[in-house]
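Chain and residue survey
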Amino acid sequence: MSMLTPPGMGGQYRITGDKYPRMRRPRRRGRLVVLTIAGAAVLGGAGWGTLQLIDVFTGGRNPARAAGAKPACAAKASPSPRATPLPKPGAFKVNVLNATTRSGLAKKTADELKKRGFAIGEVGNATKEYDKKVKGTAVLLGPAPALDTSLPVLATQVDGAERRTDAARKGTEVDLIIGDKFRALTKKADADKTLAALAKPSPAPTAKKGC
């Protein structure tokens, strides 16, 4: 038995020679995995930073931006022209009706409107439905189509008049029902200016680019 063999051990555990066998240390696999992951993270961050720098200096992935081209602008259309042209003051009749207690007001107003080119129909007191019940300046009443045609024309002559339509009413005649707050028609110069602006046709629609 060799001097290197511990007492009581023999057979297959017998140690021969004059040196102890060297034992290897266990591999530290956990540390190796951590180092591998850390290295991959560093490389990934460096690659991302490089891509960001490329985007900054080349204008991103948009070829038009990279070439310095301006972005396309959306086209905007201007307002459409008036669908229905406004009638002239003499193209329809105006019935002038007095709903106040002041006598002669309907005739005086009708005479002034006639001087301004309006065609005058009936002149007299308002019907029971409106007599002494119009607290404002006036009520302009006509058939449904008049709301966008003759009523706006007549409204240029009476400031603050209320516009109403009657679906059952036919023809082109409209009523000017004078109310309690009415004092006089709009000054002719102001009415003519408003009427001219109202009758001016809207420009044809054109495409405009807005950025």
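Residues numbered from 1 in each chain as written. Predicted model: local features only at pLDDT ≥ 70, side-chain atom pairs only at ≥ 80, totals over all residues. Heavy atoms only, no water.

Looking at an unreviewed UniProt entry, the protein chain carries the name LytR C-terminal domain-containing protein, with the source organism given as Streptomyces thermospinosisporus.

1. Regarding the sheet that holds strand β4 (residues 138-143)
Strands sit in the order β3-β2-β6-β4-β5 across an open sheet of five strands; the sheet is mixed. Each end of this open sheet is capped by a strand with a single partner; those strands are β3 (119-125) and β5 (162-166). Within the sheet, the average angular offset between the axes of one strand and its neighbour, ignoring direction, is 20°. Examined bridge by bridge, strand β2 (residues 93-98) and β3 share five bridges and lie parallel to one another. When the sheet's bridge partners are listed, Leu97 is paired in β3 with Gly124. The sheet contacts of helix α3 (residues 105-115) involve β2, β3 and β6 (174-178), and relative to β2 the element is tilted by about 155°. (Pairing = 2+ DSSP bridges. Helix = DSSP H or I, 4+ residues; strand = E, 2+ residues; numbered from the N terminus. Axes fitted to C-alpha atoms, helices over the stretch in contact; angles between N-to-C directions. Contact = heavy atoms within 4.5 Å.)

2. Some words on the pattern of salt bridges
Per the stated rule, a full pass over the model turns up seven salt bridges. With a shortest N-O distance of 3.1 Å, Asp111 and Lys107 are connected by a salt bridge. Of this pair, Asp111 and Lys107 both sit in helix α3, four residues apart, roughly one helical turn. Residues Arg164 and Glu162 are paired through a salt bridge, measuring 2.9 Å at the closest nitrogen-oxygen approach. For Arg164, a relative accessible area of 33% translates into the label partly exposed. (Salt bridge = Lys/Arg side-chain N within 4 Å of Asp/Glu carboxyl O. Buried < 20%, exposed > 50% of the residue type's maximum accessible area, 1.4 Å probe, protein only.)

3. Digging into α3
Looking at α3, one finds that the buried residues are Leu105, Ala106, Thr109, Ala110 and Leu113. Summarising the axial view, the buried residues of α3 lie within an arc of 125°, below the 170-degree limit, and thus occupy one face. Away from its buried face, by an angle of more than 90 degrees, α3 presents the exposed residues Lys107, Lys108, Lys114 and Lys115. Taken together, the buried residues of α3 touch β2, β3 and β6. (Arc of directions from axis to C-beta.)

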